[in-house]
Amino acid sequence: MNAAWALVSLPVALIATPIAAAVARRTGVVDRPGPLKIQQAPVPYLGGVAVFVAMAGPIAVVRPMLLVPLACLLALGLADDLGDLAPRLRLVCEVAIGAVGGAIVPVPGPFGAVVTAAFVVGLVNAVNLLDGLDGLAGGVVCASAIGFALIGGAARVPGIALAGALGGFLWYNRPPARIYLGDSGAYLCGGALALLAALALGDGHGLAAWAAVPLLVALPVFDTTVAILRRSRAGKPLFAGDRSHVYDQLVDRGSSRPRAVAVFVLAQLALMVIAVVVLRLDPVWAVAAAMGCVIVLVGTAAWGGFLARTEPSS
């Protein structure tokens, strides 16, 4: 079957996203300005609903059971958008949904279901924390999805569907955004990346896949890790909100917001290309190449001073 048909998600997203925005405005599901918000006026949520609608068709044809955890994450995010769920309740729900994902797509190994569940919980929160600038989370996840599509195998069609859906959504989410992913979209995208990772690891590429797949989700994990380490050094709650993520610090240092988004998306695209190459290397060289990328990211965080600052100066 030609996987290109999965790109039907692109035009569906172009149609579904403004409809979702109109529904959000009519029902009051909007993100209002606040201390940690960059917008000056309310912006509709429900972008995640449009992304789900756009990617659901292709996924339903090839891997219909994937829609179960994805729909649950979408619903959890909608509940959070509407009512700000307690962190403990949210985490319990994420773990439960991760367990469902692990039962459907366990990675190879005796604890494969647990590993997939950990992927889901980790990436749901990583993408949610990354969703701080117009087009940022959607652009980075789209770049990652393209990588999963390129490495082929079981992740190809879901990867194309996710990339196409986000491509259509980003037309309206590019700066200045006319609609946001919301928690529903961030949870959906993070969970989708986790399931794509599990699918890719199950395709029989062995150690090379374990070296390549982390590169495909490296930027959300990198930014979240830096945020946790910085807050820990400052003695702040690890999961408290602030505006000192790496992308915020880039803006605070003089970069425009669109340029900061471009830096992140281009960096993930570069890592995606490296991951596609790494997957085809001898396992020893694959691991060495992946470790080299990790060293570059750690060096960027340390020598760039991104761990030192706790709040923007302005």
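So, here is what we can say about the structure in this document. (Residues numbered from 1 in each chain as written. Predicted model: local features only at pLDDT ≥ 70, side-chain atom pairs only at ≥ 80, totals over all residues. Heavy atoms only, no water.)

## Points about the pattern of salt bridges
Using the following cut-off: Salt bridges are counted wherever a side-chain nitrogen of Lys or Arg sits within 4 Å of a carboxyl oxygen of Asp or Glu. Numbering of helices and strands starts at the N terminus; helices are DSSP runs of H or I of at least 4 residues and strands are runs of E of at least 2. Exposed residues in this analysis have more than 50% of their type's maximum accessible area, buried residues have under 20%, and partly exposed residues fall in between, with area computed by a 1.4 Å probe over protein chains only.
Across all of its chains, the model carries one salt bridge by this definition. Two residues, Arg90 and Asp80, come together in a salt bridge whose shortest N-O distance is 3.4 Å. Of this pair, Arg90 sits in helix 4 (residues 87–104) while Asp80 sits in helix 3 (residues 67–83), and the two are ten residues apart along the sequence. What makes Asp80 buried here is its relative accessible area of 4%.

## Considerations on the packing of helix 1 (residues 9–27) against helix 7 (residues 156–173)
Formally: Lines are fitted to the C-alpha atoms to define the axes, a helix being fitted only along its stretch in contact, and any angle between axes, read from their N-to-C directions, falls within 0 to 180 degrees. Should an angle fall under 35 degrees it is called roughly parallel, over 145 degrees roughly antiparallel, and 65 to 115 degrees roughly perpendicular, with every other angle called oblique. Helix crossings fall into two classes, left-handed where the near helix is turned counterclockwise from the far one by less than a right angle and right-handed where it is turned clockwise. Here a residue-residue contact requires only that any non-hydrogen atoms of the pair lie within 4.5 Å. Charged residues are taken to be Asp, Glu, Lys and Arg, nonpolar residues to be Ala, Val, Leu, Ile, Met, Phe, Trp, Tyr, Cys and Pro, and polar residues to be all remaining types, Gly included.
One can describe the packing of helix 1 onto helix 7 by two numbers: an axis separation of 7 Å at closest approach and a directional angle of 40°. Between helix 1 and helix 7, the angle is such that the two are oblique. Here helix 1 and helix 7 pass one another in a crossing that is right-handed. Contacts from Ser9, Leu10, Ala13, Leu14, Thr17 and Pro18 in helix 1 reach Ile160, Ala161, Gly164, Ala165, Gly167, Gly168, Phe169, Trp171 and Tyr172 in helix 7. Looking at the contact of helix 1 with helix 7, its residues break down into ten nonpolar, five polar and no charged.

## Quick notes on helix 8 (residues 182–201)
For clarity, the threshold we go by: Multiplying one less than the number of residues by 1.5 Å gives the expected span of a helix.
Compared with an ideal rise of 1.5 Å per residue, which puts 20 residues at 28 Å, helix 8 spans 29 Å between its outermost C-alpha atoms and is within 8% of the ideal. Where burial is concerned, most of helix 8 is hidden: 20 out of the 20 residues are buried.

## So, unusual backbone geometry
Here the bond from Pro175 into Pro176 is cis, since omega is -10°, no more than 30 degrees from zero. Within the fold, Pro176 resides in the loop between helix 7 and helix 8. Not every positive phi belongs to a glycine, and Leu46 is a case in point at roughly 75°. Of note, the phi angle at Asp84 is positive, near 50°, even though the residue is not glycine. Here Asp84 lies in the loop between helix 3 and helix 4. Owing to a relative accessible area of 65%, Asp84 belongs among the exposed residues under this scheme.

## A word on the nonpolar core
What counts is decided by this rule: Nonpolar cores were defined as sets of buried Ala, Val, Leu, Ile, Met, Phe, Trp, Tyr and Cys residues, with membership established by side-chain atoms within 4.5 Å.
Within the largest apolar cluster, 98 residues are counted, with the highest numbers of intra-cluster contacts made by Val51, Met55, Phe148, Leu162, Leu166, Leu193 and Phe264. Per-element tally for this core: the top contributor is helix 8, with 14 residues. Excluding its chain neighbours within four sequence positions, the residues that come into contact with Val51 are Leu162, Ala165, Leu166, Phe169, Leu181 and Leu188. By size, the runner-up hydrophobic cluster in this structure holds five residues, among which are Ala6, Ala149, Val157 and Ile160.

## Examining the packing of aromatic side chains
The condition that has to hold: Note on aromatic pairs: the rings of Phe, Tyr and Trp (six-membered ring only in Trp) are paired at centre separations within 6.5 Å, and the planes decide the class, stacked below 30 degrees, edge-to-face beyond 60, tilted for the rest. Note on geometry: a ring has a charge over it if NZ (lysine) or CZ (arginine) is within 6 Å of the ring centre and within 35 degrees of the ring normal.
The full count for this structure, using the stated rule, is one aromatic pair. With 6.0 Å between their ring centres and 80° between their planes, Tyr247 and Phe264 make a pair best called edge-to-face. Taken together, the residues Tyr247 in helix 11 (residues 246–252) and Phe264 in helix 12 (residues 257–278) connect sequence positions 17 residues apart. Residue classification places Tyr247 among the buried residues on the basis of a relative accessible area of 2%. Residue class for Phe264 comes out buried when judged on its relative accessible area of 2%. Positioned over the ring face of Trp171 is Arg174, at 4.1 Å from the centre of the ring. Sitting over the face of the ring of Phe306, Arg253 holds its NZ or CZ atom 4.2 Å from the ring centroid.

## Structural notes on the packing of helix 5 (residues 112–130) against helix 8
At their nearest, the axes of helix 5 and helix 8 sit 7 Å apart, and the two run at 140° to each other. As judged from the angle between their axes, helix 5 and helix 8 are oblique. Note on packing geometry: the crossing formed by helix 5 with helix 8 is right-handed. For the pair helix 5 and helix 8, the contacting residues are Thr116, Phe119, Val120, Leu123, Val124, Val127 and Asn128 in the first and Asp183, Ala186, Tyr187, Cys189, Gly190, Gly191, Leu193, Ala194, Leu195, Ala197, Ala198 and Leu201 in the second. Considered class by class, the residues forming the contact of helix 5 with helix 8 number 14 nonpolar, four polar and one charged.

## With respect to the environment of Ala126
With respect to the secondary-structure elements, Ala126 resides in helix 5. When the C-alpha atoms of Ala126 and Pro283 are compared, they prove to be 28 Å apart, with 157 residues separating the residues in sequence. Those residues in contact with Ala126 that sit more than four places away from it in its chain are Pro220, Val221 and Thr224.

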